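These are the residues of each chain, in order.
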Amino acid sequence: MPAQSLMQQAMGESFAALHPALQHFHTLAGTHLLHGEATTLAAETPLARLLARCVGAPRGNATGPIRFALDATPQAERWTRHFPGHTMVSQLQLEGRSVVEKLGPARLAFEVCAERGTLQMRLRTMHFLGIPCPMWLRPRVLATETGSGERLHFYIEAALPFIGRMVCYRGWLALPQTEGGP
């Protein structure tokens, strides 16, 4: 029996409630290059742009093709998103039942859950430069994945209190065909 993926371990039995396209994506192992379309929106304020630069997030408005390089093992995943005009890299690891994403000097711990077939990532804690971020200063993060046919659709937005939107991107990725699939 193959080892469970990072998301399967984080979600436990609720993983089975995800749309089949999401289950397919989150059980991919090894190295994969996926293609799709994405739209990025600029940070709202100069300070938000500076913080977006620190974590490697897209800082401008753009629409076009996206290449998503995935390197996945049961212990960790590396996501490299090649947006139009910008590349963003993050590392994901499991700590207990939380998925921890490292983006430059930021370390974000998420609870991952299924809601009506979608995947929701809910920010629980954040460290910046190793310093815990107090709850009142933590960004509001919307991170949702939905499935449709053989596509994964994503919507990510992070906004900081008093500073505004730091990052927002949305789009879709075409998933690799499964063995014996269409």
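Now for a description of the structure that goes with this document. (Residues numbered from 1 in each chain as written. Predicted model: local features only at pLDDT ≥ 70, side-chain atom pairs only at ≥ 80, totals over all residues. Heavy atoms only, no water.)

## So, the overall build of the protein chain
Stated precisely, the cut-off is as follows: Secondary structure counts use DSSP, requiring at least four H or I residues in a row for a helix and at least two E residues in a row for a strand, with both numbered from the N terminus. Note on classification: 1.4 Å probe, protein chains only; a residue is buried when its accessible area is under 20% of the maximum for its type, exposed when over 50%, partly exposed between these limits. It only takes one pair of heavy atoms within 4.5 Å for two residues to be counted as in contact. Accessibility throughout is a Shrake-Rupley quantity obtained with a 1.4 Å probe, and a residue counts as covered only by protein chains that appear here. When charges are counted, neither His nor the chain ends are considered; positive counts come from Lys and Arg and negative counts from Asp and Glu. To locate a charge, take atom NZ for lysine, CZ for arginine, CG for aspartate or CD for glutamate.
Helices and strands together make up the secondary structure of the protein chain, namely 3 helices and 11 strands. Helices and strands appear in the protein chain in the N-to-C order α-α-β-α-β-β-β-β-β-β-β-β-β-β. In terms of its C-alpha atoms, the protein chain occupies a principal-axis envelope of roughly 50 × 35 × 30 Å. In the protein chain, buried positions account for 45% of the 182 residues. Considering only contacts within the protein chain whose residues lie at least 6 apart along the sequence, 47% involve residues at least 24 apart. Accessible surface for the protein chain amounts to roughly 9200 Å². Of this, 57% is attributable to carbon and sulfur atoms. Considering the protein chain, the positive charge centre built from 17 side chains and the negative charge centre built from 13 side chains are found 9 Å apart.

## A few points about the pattern of salt bridges
When the charged atoms of two side chains lie near each other, side chains of opposite charge can form a pair. What counts is decided by this rule: Here, a salt bridge means any Lys or Arg side-chain nitrogen found within 4 Å of an Asp or Glu carboxyl oxygen.
Under the definition given, this model contains 6 salt bridges. Ionic pairing is found between Arg107 and Glu95, a salt bridge with its closest N-O pair at 2.5 Å. Residue Arg107 is located in strand β6 (residues 106-115), and its partner Glu95 is located in strand β4 (residues 86-95); the two are separated by 12 residues in the primary sequence. Looking at Arg107, the relative accessible area reads 23%, which means it is partly exposed. The exposure class of Glu95 is partly exposed, given its relative accessible area of 38%.

## Details of the side chain of Arg138
Following the sequence through the fold, Arg138 ends up in the loop between β8 (131-132) and β9 (140-148). No salt bridge is formed by the buried Arg138; the nearest opposite charge belongs to Glu111, separated by 11 Å. Not counting residues within four places of it along the chain, the set of residues in contact with Arg138 comprises Leu123, Arg124, Thr125, Met126, Cys133 and Pro161.

## What about the pairing of strand β7 (residues 118-128)?
Note the threshold: Being paired, for any two strands, means DSSP has found at least two bridges between them.
As judged from the 10 bridges shared by β6 and β7, these two strands associate in the antiparallel manner. Counted as the bridge partner of Val112 is Met121 from β7. What sits between β6 and β7 in their antiparallel hairpin is a turn of 2 residues, with Arg116 showing a positive phi close to 50°. The pairing of β7 with β9 spans 3 bridges and is antiparallel.

## Looking at helix α3 (residues 46-55)
Rules: Arc definition: directions from the helix axis to the C-beta atoms.
For α3, every residue scored as buried is listed here: Ala48, Ala52 and Val55. Taken down its axis, α3 places every buried residue within 70° of arc, on the same side. Turned more than 90 degrees from where α3 packs its buried face, Pro46 and Arg53 sit exposed. Each element contacted by the buried residues of α3 is listed here: β5 (98-103), β6, β7 and β11 (164-174). Count one or two residues on from α3 and you reach Gly56, which has phi positive near 80°.

## Focus on the state of the cysteines
In a disulfide, the sulfur atoms of two cysteines are held together by a covalent bond. Condition: Whenever a pair of cysteine sulfur atoms sits within 2.5 Å, that pair is classed as a disulfide.
Taken as a whole, this structure holds 0 disulfides when the rule is applied. For the unlinked cysteine Cys113, the closest cysteine sulfur is that of Cys168, found at 20 Å.

## Brief notes about the packing of aromatic side chains
Keep this limit in mind: A pair of aromatic rings is counted whenever rings of Phe, Tyr or Trp (Trp by its six-membered ring) have centres within 6.5 Å, and the orientation is called stacked for planes under 30 degrees apart, edge-to-face for over 60 and tilted otherwise.
For the structure on display, the rule yields 6 aromatic pairs. Centroid distance Phe68 to Trp79: 5.4 Å. Interplanar angle 65°. Geometry classified as edge-to-face. In this pair, Phe68 is assigned in strand β2 (residues 62-72) and Trp79 in strand β3 (residues 76-83), connecting sequence segments 11 residues apart. Exposure class is identical for Phe68 and Trp79. Each is buried.

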